[in-house]
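# An overview of the molecular structure
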Amino acid sequence: MSASYQSILWNRQKKIYDLVLVCFVVAYISIFITTTAVLDPDVTQETLIIRSTSTLALLLLHVILCIGPLARLNPVFLPLLYNRRHLGVTMFFIGAIHGTFSIIQFHSLGNINPILSLFLSNTHYESFIKFPFEVFGFFALIIFFLMAITSHDFWLHNLSPRVWKTLHMFVYIAYLSIILHVMLGVIQYETSPVLVVLLAVGFVAVTILHLAAGRREQLNDREQIEVKNDFVKVCNIDDIADNRAKVVALNGERIAIFKYSNKLSAISNVCKHQNGPLGEGRIVDGCITCPWHGYQYLPHNGSSPPPFKEKVATYDVKLVGKEVWLNPVAYPDGTEREPATIN
Amino acid sequence: MKKWFPDRNEFYIGYLPNAPDGITRVIRKVILLLGIISICLAALLAWHQKKFSPANFEYGVNTDIEGFIFEDPIPHVLIPLGRDQLGQQLYQTVLLVGFGKSGSQNAIHQILKSGHGPGSKARLNGSLIYGDGKALIQIDKVSDITLIEGQIDHVAAVQTDESFSITGEIVDPKCYFGVMKPGEGKAHRACAIRCIAGGIPPVFNGGPDGYYLLVDESDKPISTEVASIVGDVITLSGKRMHWHDWTILQIDSRTIDELSAAKRWRENLLAFEQGMTQCN
Ligand code: HEM
Ligand code: FES
């Protein structure tokens, strides 16, 4: 967290994640290259590099885009989300190898600068079908580059989470850009429908998963309660499991009410790191622990334990018999509130 | 199904050394499945690529060839092959191209000026490019050409058809006949344009009807005029001529202009390039 980036150095799980990722990359590239070279020995080495890396980057991009909604739909996928940054940076590097080799192969050693050549060779910008598809690849690669260099938490804090999140939403623009890059490029040359069909399947999968995850969020928010500056009844004390939370949406804000050590505390549901859903987290060692990357907050004041500095809003909560009542007026981030005691 | 959704009470924390058992079990399966799918995809995508041409570029290998060099209509060297039944001398034409995406006009012009003009015999040292019965040689620098004793006269092309039409696409012969695979089509369009803009003479690929060099009404080679229609399927009409082991198509240069408003485009290209050269 903010005061100590070292706290999340390469641990055992990260090492396993990276090892699996490296094996996956090596396996994909070797199989693509071997299959092509065996079936068609006339291929050139440059084409092998360009195509093995491009198709792998495309595959990784789909995996990256599916992990988010999958983890929203089922927490079992959270281990894939935790180190998604590594997947993103790897995808960028592989895409960059493809882009660099394409620029060297198709645009270098000419009469103008290779990067300018990318934009000025095929100038059919007026036509959709003849459009210079390379430009879409270049544009997407720039976005992946910006995302890769700002992927570390250092940048998240320096750019502010809002700017950072906005920048990282550009991945969807990059994704559409890549689809155009492929559809207006090599698809017009190839005769086999395999790449188009796979691209369509990938697109449908990404879309459906996002819609499903979005719909789940909507259902969760359905119990929206409109209230004034007063306590409202939220649920029964038995509706909340020990060391877990119930999330309620009041006046458009999501609030998590945690039950722990015979106490109840309410804090904002939105993690200061990347807006993770704190209410889906647990109390671990007395701290509310975010399910996404494990940032921790003390339940009674919404502050991360020292030396960390994250703070979220807190709320008043009380028990009336077995009923849990909540006041939806937020206290400033990190304000200490007396927990309600369960007798 | 139950095995896929472990106990919801398990809670994953990424920075701890171990993940809970149930989650670990599921994630292992997910990764295994993903691995298998990816391997299948790699093989499937590799298998379904369009066949590559068997053309060849002897990259890094230098070969000496001897023949008679000409700069018109495009730089080439004629290598004597022997005589046909009528006693006529036969030649293999080897087109001359420069390093990277550049033509060899300047080098050949310089050499011919220093010798006895067109048809001078020379020894050339360069990398061969060949495919589908056509050959080219990449000459990196003027010093790779040495003039030697001997000269022949220019052999004029012989007209075989007054009006001839053919459908196909314009390619840059350097990439098409071996340097790149694929060296044609949309994915290669930008590269072909760059090669042609750099002085590599365009070739018309008529598919089963063979390859054509393009010249205008006054036998001048057609070059950057076609840049905007490279890689498009087009139909060209003109006079067909037989010339050594090549066919030449003499077209009305207006055809090209009409085909794609190429003239305007070409002017833009040249303007851009002049601007760029100045910037550099
Ligand atoms: C500077 C950036 C880029 C350039 C200049 C570029 C250029 C190209 C070119 C010339 C091709 C056709 C190659 C062929 O004949 O096979 C191609 C294909 C392709 N590109 Fe890119 N590209 C860039 C970035 C990207 C990125 C970032 C991705 C994906 C994440 C990507 C994915 C693909 C895919 C999937 C194909 C089709 C498969 C293939 O033919 O390689 N490209 N690209
Ligand atoms: S969102 Fe990353 S830890 Fe909460």
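Residues numbered from 1 in each chain as written. Chains lettered and ligands numbered in written order. Predicted model: local features only at pLDDT ≥ 70, side-chain atom pairs only at ≥ 80, totals over all residues. Heavy atoms only, no water.

## Thoughts on the overall build of chain A
For clarity, the threshold we go by: Helix and strand labels come from DSSP, where a helix needs a run of H or I of at least four residues and a strand needs a run of E of at least two; each type is numbered from the N terminus. By definition in these notes, contact holds between two residues if any of their heavy atoms fall within 4.5 Å. Methods summary: accessible areas were calculated by the Shrake-Rupley approach with a probe of 1.4 Å, and residue burial reflects only the protein chains presented. His is not counted, nor are the chain ends, whereas Lys and Arg count as positive and Asp and Glu as negative. Working definition for charges: the position is that of NZ of Lys, CZ of Arg, CG of Asp or CD of Glu.
Tallying secondary structure elements over chain A gives 10 helices and 10 strands in all. Dimensions of chain A, computed from the C-alpha atoms along their principal axes, are close to 80 × 40 × 35 Å. Contacts in chain A between residues far apart in sequence, at least 24 positions, make up 57% of those at least 6 positions apart. Surface summary for chain A: the accessible area is close to 15,900 Å², and the carbon and sulfur share equals 65%. For chain A, the centre of its 27 positive side-chain charges and the centre of its 25 negative side-chain charges are spaced 4 Å apart.

## Here we look at the confidence of the model for chain B
To be explicit about the condition: The quantity called pLDDT is the predictor's confidence in a given residue, expressed from 0 to 100.
Across chain B, pLDDT averages 89, with 91% of residues at or above 70. The complex prediction reports pTM at 0.91, with the ipTM value standing at 0.89.

## Re the interface of chain B and chain A
Let me state the cut-off plainly: Here the quantity called buried area is the accessible surface, traced with a 1.4 Å probe, that two parts lose on coming together, added over both. Just to be clear on terms, a salt bridge is a Lys or Arg side-chain nitrogen sitting within 4 Å of an Asp or Glu carboxyl oxygen.
Contact with chain B, which involves 64 residues of that partner, is made by 72 residues of chain A. Between chain B and chain A, the buried area comes to about 6,000 Å², and carbon and sulfur atoms account for 63% of it. The tally of links from chain B across to chain A stands at two salt bridges. Taking the shortest distance from any N to any O, the salt bridge between Asp-232 of chain B and Lys-130 of chain A comes out at 3.0 Å.

## Focus: the sheet that holds strand β6 (residues 287-289) of chain A
Residue and element names in this part refer to chain A. For the record, the criterion: One bridge is not enough; two strands pair if DSSP finds at least two bridges between them.
Ordered in space as β5-β6-β7, the three strands form an open sheet in which the pairing is antiparallel. Only two strands of the sheet have a single neighbouring strand rather than two, namely β5 (282-284) and β7 (296-297). With two bridges connecting them, β6 and β7 associate as antiparallel partners. Across the sheet, residue Ile-288 finds its bridge partner in β7, namely Tyr-297.

## Some points on the domain arrangement of chain A
Residues and elements named next belong to chain A. Rules: Those domain boundaries reflect an automatic or database domain assignment. For this analysis, a polar contact is any N or O atom pair within 3.5 Å, provided that within protein one partner can donate a hydrogen and the other can accept it, and provided that sequence-adjacent residues contribute only side-chain to side-chain pairs.
Domain parsing of chain A yields domain 1 (12-221) and domain 2 (232-341). The centre of domain 1, based on its C-alpha atoms, is set 38 Å off from the matching centre of domain 2. At the junction of the two partners, domain 1 supplies 12 residues and domain 2 supplies 13 residues. Where domain 1 abuts domain 2, roughly 1,200 Å² becomes buried across the two surfaces, and 44% of that area is made up of carbon and sulfur atoms. The interface formed by domain 1 and domain 2 contains two salt bridges. Between Arg-254 and Glu-217 there is a salt bridge whose closest N-O contact spans 3.2 Å. In this assembly, domain 1 and domain 2 are joined by five residue pairs in polar contact (both at pLDDT 80 or more). If you list the elements that add at least two residues to the side of domain 1 that touches domain 2, you get α3 (78-82), α7 (153-159) and α8 (161-169).

## Observations regarding the domain arrangement of chain B
Here chain B is described as being made up of domain 1 (2-41), domain 2 (56-151) and domain 3 (158-273). Its C-alpha centre places domain 1 of chain B at a distance of 64 Å from the equivalent point of domain 2 of chain B.

## A short note on the nonpolar core
Our working rule: Only buried Ala, Val, Leu, Ile, Met, Phe, Trp, Tyr and Cys residues count toward a nonpolar core, and they belong to the same one when joined by side-chain atoms within 4.5 Å. Partly exposed describes any residue whose relative accessible area lies between the buried limit of under 20% and the exposed limit of over 50%, with all areas from a 1.4 Å probe on protein chains only and scaled to the type maximum.
Grouped together as the largest cluster of nonpolar side chains are 69 residues, with contacts concentrated most on Leu-60, Leu-61, Leu-87, Phe-144 and Leu-278 of chain A. With 12 residues, helix α2 (residues 45-73) of chain A is the single largest residue contributor to this core. Beyond its immediate stretch of four places on either side in the chain, Leu-61 of chain A contacts Met-91, Phe-144, Val-171, Tyr-175 and Ile-178 of chain A. Within the second largest apolar cluster, 25 residues are counted, among which are Tyr-176, Met-180, Cys-191 and Ile-248 of chain B.

## Some thoughts on the pattern of salt bridges
Residues and elements named next belong to chain A. Taken as a whole and assessed by the stated rule, the structure comprises 15 salt bridges over all chains. Between Lys-233 and Glu-323 there is a salt bridge, with the nearest N and O atoms lying 3.9 Å from each other. Separated by 90 residues along the polypeptide, Lys-233 in strand β1 (residues 232-236) and Glu-323 in strand β9 (residues 323-331) bring together distant segments of the chain. Residue Lys-233 is classed as partly exposed on the basis of its relative accessible area, which comes to 46%. You can call Glu-323 partly exposed: its relative accessible area is 28%. Between Arg-337 and Asp-316 there is a salt bridge, with the nearest N and O atoms lying 2.8 Å from each other. Of this pair, Arg-337 sits in the loop between β9 and β10 (340-341) while Asp-316 sits in strand β8 (residues 314-320), and the two are 21 residues apart along the sequence. Looking at Arg-337, the relative accessible area reads 25%, which means it is partly exposed. Its relative accessible area of 15% is what places Asp-316 among the buried residues.

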